[in-house]
Amino acid sequence: MRKVIAGLICSSAAFLLCAGQSSAQAQSYPARNVRLVVPFGVGGSIDAVARVAAAKVYENWGQALVVDNRTGADGDIGGEVVARSAPDGYTLLVAGPSLAVNVSLRPKRPYQIDDFAPIMLMAETQSVLCVYAGFEAKSVKDVIDIAKARPGTLDYGSAGVGSSGHLATELFRSSAEIDIVHVPFRNSELWQAEIIAGRIPISIPTFPAAMSLMRSGKVRCLAVTGAKRSAALPDLPTIAEAGLPGFVATSWYGLLAPRGTSGAIIERIHQSFRAALEDPTTRKRLMDMGVEPVVSSPAALASHIRAEVARWAVVVKQAKIATE
């Protein structure tokens with residue numbers, strides 16, 4: 001009995017020591033720059049959201065959040081960088097739908113979703129059906145009619161296999177029962193240049209990228225992909241309104257840390273990003289981009305990712321999308 005009591009005392013002492021160390025680390029965190037890994041290229045919506053949030057968090061921390069664009073493997077190169085990083089809060093991941101999609105698309109990737117500690121669902125956004133300004137389609141119905149009249153001859157671009165643009169357009173393709181051809185690019189900048197030049201007539205980018213394309217004057221936006229119209233582009237109908245009832249395809253942005261990061265540091269990061277995303281100036285910047293701040297709990301992000309894994313597994317199977 002004395003040995004058991006002694007063991008319990010030692011275990012309790014060890015727990016208190018660890019708890020004390022964790023609390024002390026959180027109080028001093030961050031003591032240096034924090035790397036914010038974005039698994040896609042500069043210019044995409046996930047990159048824009050990360051940079052807007054990072055700029056505001058910096059004001060609170062006094063330490064820079066350095067955005068590190070680690071592209072490739074449908075977002076999995078960036079994901080692996082974070083999954084294999086020390087769980088000390090100094091390497092974080094800004095993830096999007098590909099984190100969940102790749103469970104089905106890239107089942108042999110070298111890490112699992114369980115290798116991350118969820119922090120928060122930061123924001124959500126709709127996407128926009130866009131066409132090159134010189135393309136004859138002026139509506140969703142026109143796109144569908146032209147595609148049916150010319151099966152297999154129209155291309156659509158995206159930032160890569162499994163990207164939000166790819167999955168949203170595949171859902172559109174199957175829902176409209178049309179035959180259009182996917183042309184994946186390594187990053188958002190490349191396919192944006194192609195649609196502006198008219199070499200790719202169709203795309204469904206997320207709002208931040210769509211707004212950038214609209215400013216070029218070379219792209220026409222026809223409809224949004226959400227369940228309701230967007231406050232940023234209120235004159236555009238939803239794709240559901242425009243002829244495909246029930247169509248919805250939205251994107252999200254989540255913040256995660258490596259598994260094993262202490263609860264105290266997770267809470268510190270959560271509080272800082274929550275304050276940043278609830279700041280009126282930051283909210284306006286994001287809303288002007290067509291991005292709606294959400295700011296969820298860690299548990300809510302975990303639940304959201306599980307639902308996304310199940311949802312997009314159906315689309316990947318139906319569209320027969322594969323990279324392995």
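Residues numbered from 1 in each chain as written. Predicted model: local features only at pLDDT ≥ 70, side-chain atom pairs only at ≥ 80, totals over all residues. Heavy atoms only, no water.

1. Quick look at the overall build of the protein chain
Argument step 1. Assigned secondary structure in the protein chain consists of 11 helices and 11 strands.
Argument step 2. Taking 324 residues into account, the globule formula puts the C-alpha radius of gyration at 20 Å, and the protein chain, at 22 Å, falls close to it.
Argument step 3. Principal axes of the C-alpha set define a box for the protein chain whose edges measure 85 × 40 × 30 Å.
Argument step 4. For the protein chain, buried positions account for 52% of its 324 residues. (Helix = DSSP H or I, 4+ residues; strand = E, 2+ residues; numbered from the N terminus. Rg over C-alpha atoms; globule rule 2.2 N^0.38 Å. Buried < 20%, exposed > 50% of the residue type's maximum accessible area, 1.4 Å probe, protein only.)

2. Side note on helix α3 (residues 76–83)
Argument step 1. Burial runs high along α3: six of the eight residues are buried.
Argument step 2. Within the span of α3, buried status applies to Asp76, Gly78, Gly79, Val81, Val82 and Ala83.
Argument step 3. Packed against the buried residues of α3 are β1 (34–38), β3 (91–95), α4 (98–105), β4 (116–126) and β10 (250–258). (Contact = heavy atoms within 4.5 Å.)

3. Considerations on the nonpolar core
Argument step 1. Grouped together as the largest cluster of nonpolar side chains are 36 residues, with contacts concentrated most on Leu36, Leu92, Met122, Leu255, Ile269 and Phe273.
Argument step 2. Judged by nonpolar contacts, the second largest core, of 33 residues, contains Ile178, Leu222, Ala223 and Ile321. (Core = buried A, V, L, I, M, F, W, Y, C linked by side-chain atoms within 4.5 Å.)

4. Concerning the sheet that holds β4
Where strands meet in a sheet, backbone hydrogen bonds hold them as pairs that are either parallel or antiparallel.
Argument step 1. The strand order β2-β1-β3-β10-β4-β11 describes an open sheet built from six strands, whose pairing is mixed. At either end of the open sheet lies a strand with only one pairing partner, and these are β2 (65–69) and β11 (291–293). Strand-to-strand, the axes of this sheet are offset by a mean angle of 30 degrees, without reference to chain direction. (Pairing = 2+ DSSP bridges. Axes fitted to C-alpha atoms, helices over the stretch in contact; angles between N-to-C directions.)

5. What about the environment of Ala210?
Argument step 1. Within the element layout of this structure, Ala210 appears in helix α8 (residues 207–216).
Argument step 2. Since its relative accessible area comes to 0%, Ala210 is described here as buried.

6. Comments concerning empty space enclosed by the protein
Argument step 1. Across all of its chains, the model carries four cavities of 30 Å³ or more by this definition.
Argument step 2. Here the largest cavity is characterised by a volume of approximately 280 Å³.
Argument step 3. In terms of lining, the largest cavity is formed by 23 residues, of which the most central are Ser45, Ala159, Ser163, Ser164 and Thr206.
Argument step 4. Looking at the lining of the largest cavity, the elements with two or more residues in it are α2 (45–61), β6 (155–158), α6 (164–176), α7 (188–197) and β10.
Argument step 5. The dominant element in the lining of the largest cavity, judged by the number of residues it contributes, is β10, at three residues.
Argument step 6. Partitioned by chemical class, the residues of the lining of the largest cavity number 10 nonpolar, 13 polar and no charged. (1 Å grid on protein atoms, 1.4 Å probe; cavity = no way out; pocket = protein on both sides within 12 Å on 5 of 7 lines; lining within 4 Å. Points joined across faces, edges and corners; volume = space filled by probe spheres on them. Nonpolar A, V, L, I, M, F, W, Y, C, P; charged D, E, K, R; others polar.)

7. What about the pairing of strand β9 (residues 219–224)?
Argument step 1. In terms of burial, β9 is a largely internal element, five of the six residues being buried.
Argument step 2. In this sheet, β9 lies alongside strand β5 (residues 128–132) in antiparallel orientation, the contact comprising five bridges. When the bridges of β9 are listed, Val131 appears paired with Arg220.

8. Looking at the sheet that holds β5
Argument step 1. Ordered by their spatial adjacency, five strands build an open sheet running β7-β6-β8-β5-β9, and the pairing between neighbours is mixed. A single partner strand is all that each edge strand has here, and the edge strands are β7 (181–184) and β9.
Argument step 2. Bridge count between β6 and strand β8 (residues 202–203): two bridges; the pairing is parallel. Counterpart to Tyr156 in the pairing with β8 is Ile202.

9. Focus on the layout of surface pockets
Empty space among the atoms becomes visible once a probe the size of a water molecule is rolled across them.
Argument step 1. Estimates place the volume of the largest pocket at around 340 Å³.
Argument step 2. As for the largest pocket, its lining consists of 18 residues, of which Gln126, Lys228, Ser230, Gly290 and Glu292 are closest to the centre.
Argument step 3. Within the residue set of the lining of the largest pocket, elements represented by two or more residues are β4, β10, α10 (280–288) and β11.
Argument step 4. It is β4 that provides the largest number of residues to the lining of the largest pocket, a total of three residues.
Argument step 5. For the lining of the largest pocket, the per-class residue count stands at six nonpolar, seven polar and five charged.
Argument step 6. Its volume calculated, the second largest pocket comes out at about 240 Å³.
Argument step 7. Together, 15 residues line the second largest pocket, and Gln112, Ile113, Asp114, Ile305 and Val309 are the ones closest to its centre.
Argument step 8. Listed by contribution, the elements that provide at least two residues to the lining of the second largest pocket are α4, β4 and α11 (298–319).
Argument step 9. Considering every element that reaches the lining of the second largest pocket, the biggest residue donor is α11, with four residues.
Argument step 10. Residue composition of the lining of the second largest pocket, by class: nine nonpolar, two polar and four charged.

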